[in-house]
Amino acid sequence: MRNAVVATSLILSAPAFAEDYCVNSESELLSALTSAAASPEPSVVRIARGVYEFTAPGSTPVISITDDSELTVVGGWNADCSDLDVNPEQTVLRTVGQRPVMEISRQGSDPDMFLSNVSFRNGASSTINKAGCLTIFGAATSALELTYLSFRGCTGTSNQSPAALFVLASESNVLVRTATFANNVSANGAIELRALGSGSVHLLNNTIAFNSRSSGNGTAGLALFTSGGGSLRLTNTVAYSNGGPNDSDVFFEGSPVGVLSHNIIGRSNGIPASMVASNNIDANPLFASNLSLRSTENSPMRDTGDNAAVGGLGLWDIEGRRRLQGIRVDRGAHEFDDMFSNGFE
């Protein structure tokens, strides 16, 4: 029943799609994205549940999306794309042989883009300012919304290539909501967010944990940077247990501008005065494990988030459970549920 409700909600809220693709294989996925990029009309690519493995060698991303039309890419569908599960673990995109997974580039007046319900695995990058799993260049005056995503096993092999996610928003408004980043490795942290010009990046209800550095000390979790009017917002997000005792869960590069609210941040290089900060704590989130990242009964993540967060909470947590179950939303990507409090599957 839950899946049917989610599917109906998504379809009713989506634009009228002139191009609608249902894909069940690697070749179908690449073909659909190519066709969608060539179409001037709004398109949706529905990815059926399964593992999509790309083995061709190379240093460029397996999936490169550059188009000037509205595009929605949604994983989690059954074979005929009639039923949807938001859990990203159901739809896995992974590479073999040290190659990045996906790059999204939006330019000029490109319309909005939506990406959801997908896991990224094992991507690798040795290129400066490009991540092992997902890179976004947002120079369009539009929105990019990324929801229900999971990143594991991503690597960055140069000193300036983050493991999981790199976002450069010079005009676009980028929202990353209800995603997990765990067990990724880089010499430059798991995530790097840069907001320039009129661009903005917002992380809402994400969990960033158990990522590590391949060498040296510094950023192991999340790095934040703004310039020329760009802004950042971090809300209801957990960044904890990344790297070693001399590494940062969150690193503020220079004096980034933005808002930090209702987060759990373990270690940082100090929240700068340029950030408006409130209701942030550094308490141990008491994860159930470093695999599920769920909270336990006494976790400080439980019922301590901001219900009125900018961008909206969404209906579900990352595993498809109702997002708001207590008097207040939980911090992080998971919502506590008594049935799952001891890791019960």
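So, here's what we can say about the structure. Being a predicted model, the structure only gives us computed values, none of them experimental.

1. Here we look at the nonpolar core
- Ranked by size, the top nonpolar core spans 58 residues in total, and within it Val45, Met102, Leu115, Phe120, Leu134 and Leu193 carry the most contacts.
- Excluding residues that lie within four positions of it along the chain, Met102 makes contacts with Pro61, Ile63, Ile65, Leu93, Leu115, Phe120, Cys133, Leu134 and Thr135.

2. Some thoughts on helix H2 (residues 26–38)
- If you check H2, its first and last C-alpha atoms are 19 Å apart, about what 13 residues at 1.5 Å a residue would give, namely 18 Å.
- Buried within H2 are the following residues: Leu29, Ala32, Leu33 and Ala36. End-on, the buried residues of H2 take up no more than an arc of 95 degrees, which puts them together on one face. Among the exposed residues of H2, those pointing more than 90 degrees away from its buried face are Ser27, Thr34 and Ala38.
- Packed against the buried residues of H2 are strand S1 (19–23), strand S2 (43–48), strand S3 (50–54), strand S4 (63–66), strand S5 (71–77) and strand S6 (91–95).

3. Considering the sheet that holds strand S9 (residues 124–125)
- Pairing within the open sheet is parallel, and its 4 strands lie in the order S9-S12-S15-S19. Because the sheet does not close on itself, it has two edges, and the strands there are S9 and strand S19 (212–213).
- Examined bridge by bridge, strand S15 (residues 185–186) and S19 share 2 bridges and lie parallel to one another. In the strand pairing of S19, Val185 is matched with Ser212.

4. Looking at the side chain of Thr207
- Mapped onto the elements, Thr207 comes out in strand S18 (residues 207–209).
- Polar side-chain contacts of Thr207 include one of 2.9 Å to the backbone nitrogen of Ala333.
- Excluding its chain neighbours within four sequence positions, the residues that come into contact with Thr207 are Ala179, Thr180, Phe181, Val238, Phe287, Leu293, Gly332 and Ala333.

5. Details of the sheet that holds S4
- Reading across from one edge, S4-S7-S10-S13-S16-S20-S23 is the order of the 7 strands in this open sheet, with parallel pairing throughout. Single-partner strands in this sheet number two, and they are S4 and strand S23 (248–252). Between one strand axis and the next, the sheet turns by 5 degrees as a mean value, whatever way the strands run.
- Two elements, S4 and strand S7 (residues 102–106), share 4 bridges in a ladder whose sense is parallel. Residue pairing in the sheet places Ile65 in a bridge with Ile104 of S7.

What counts, and where the lines are drawn
Residues numbered from 1 in each chain as written. Predicted model: local features only at pLDDT ≥ 70, side-chain atom pairs only at ≥ 80, totals over all residues. Heavy atoms only, no water. Core = buried A, V, L, I, M, F, W, Y, C linked by side-chain atoms within 4.5 Å. Buried < 20%, exposed > 50% of the residue type's maximum accessible area, 1.4 Å probe, protein only. Contact = heavy atoms within 4.5 Å. Helix = DSSP H or I, 4+ residues; strand = E, 2+ residues; numbered from the N terminus. Expected span 1.5 Å × (residues − 1). Arc of directions from axis to C-beta. Pairing = 2+ DSSP bridges. Polar contact = N/O pair within 3.5 Å; in protein donor to acceptor, adjacent residues only side chain to side chain. Axes fitted to C-alpha atoms, helices over the stretch in contact; angles between N-to-C directions.

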